[in-house]
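# Coordinate analysis (summary)
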Amino acid sequence: VQLQASGGGLVQAGGSLRLSCVVSGRTSSSYVMGWFRQAPGNEREFVATISRGGRNTYYADVVKGRFTISRDNVKNTVYLQMNSLKSEDTAVYYCAAQIRPAPLGLTPREYDYWGQGTQVTVSS
């Protein structure tokens, strides 16, 4: 299984970006999917997760109401729509796949496959 994240870039505070993560090697509907981020000097932290069918989602408090995770299992792609971006959202963003169907994982150790990361930089 391979995960390819894209969509990062440089954006001004208050702006928006949409990250994508394409799953290959096996259909994405086989996995719970999550997004994590890691800023320099910090540990990798949970951002959002979505169930296999897309019905259930969960967000970190710091992004709730600003970020939206979604998935299109026909396209084997998971998205992270990020609105009202803040400078503190600057980090490398990683998508990850969890084999276990439930509960939705909130820590990196619960995920089995990882993408390479995409840089998001928010200028203030």
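The notes below deal with the structure included here.

Cut-offs and rules
Residues numbered from 1 in each chain as written. Predicted model: local features only at pLDDT ≥ 70, side-chain atom pairs only at ≥ 80, totals over all residues. Heavy atoms only, no water. Phe/Tyr/Trp six-rings, centres within 6.5 Å; stacked < 30°, edge-to-face > 60°. Helix = DSSP H or I, 4+ residues; strand = E, 2+ residues; numbered from the N terminus. Buried < 20%, exposed > 50% of the residue type's maximum accessible area, 1.4 Å probe, protein only. Lys NZ or Arg CZ within 6 Å of the ring centre and 35° of its normal. Pairing = 2+ DSSP bridges. Axes fitted to C-alpha atoms, helices over the stretch in contact; angles between N-to-C directions.

As a further point, take the packing of aromatic side chains. The full count for this structure, using the stated rule, is seven aromatic pairs. Considering the side-chain rings of Tyr-31 and Tyr-113, the 5.9 Å spacing of their centres and the 75 degrees angle between planes classify their relative orientation as edge-to-face. One end of the pair, Tyr-31, is in the loop between β3 (17-24) and β4 (32-38); the other, Tyr-113, is in strand β10 (residues 113-114), with 82 residues separating them in the sequence. Residue classification places Tyr-31 among the buried residues on the basis of a relative accessible area of 2%. In this structure Tyr-113 comes out as partly exposed when scored by relative accessible area, which is 29%. Ring geometry for Tyr-94 versus Trp-114: centroids 6.5 Å apart, planes at 75 degrees, classification edge-to-face. One end of the pair, Tyr-94, is in strand β9 (residues 91-98); the other, Trp-114, is in strand β10, and 20 residues separate them in sequence. Among the aromatic side chains, those forming a connected cluster through ring pairs are Phe-36, Phe-46, Tyr-58, Tyr-94, Tyr-111 and Trp-114. Directly above the ring of Tyr-94 sits Arg-44, whose terminal nitrogen or CZ lies 3.7 Å from the centroid.

Our focus in this paragraph is the sheet that holds strand β7 (residues 67-72). Hydrogen bonding along the main chain pairs the strands of a sheet, whether they run parallel or antiparallel. Taken together, four strands build an open sheet; the order of strands is β1-β3-β8-β7 and the sheet is antiparallel. At either margin of the open sheet sits one strand with a lone partner, and together these are β1 (2-6) and β7. Pairs of neighbouring strands in the sheet enclose a mean axial angle of 15 degrees, with direction left out of account. Pairing analysis gives six bridges linking β7 to strand β8 (residues 77-82), with the strands arranged antiparallel. Bridging from a neighbouring strand, Ser-70 pairs with Tyr-79 of β8.

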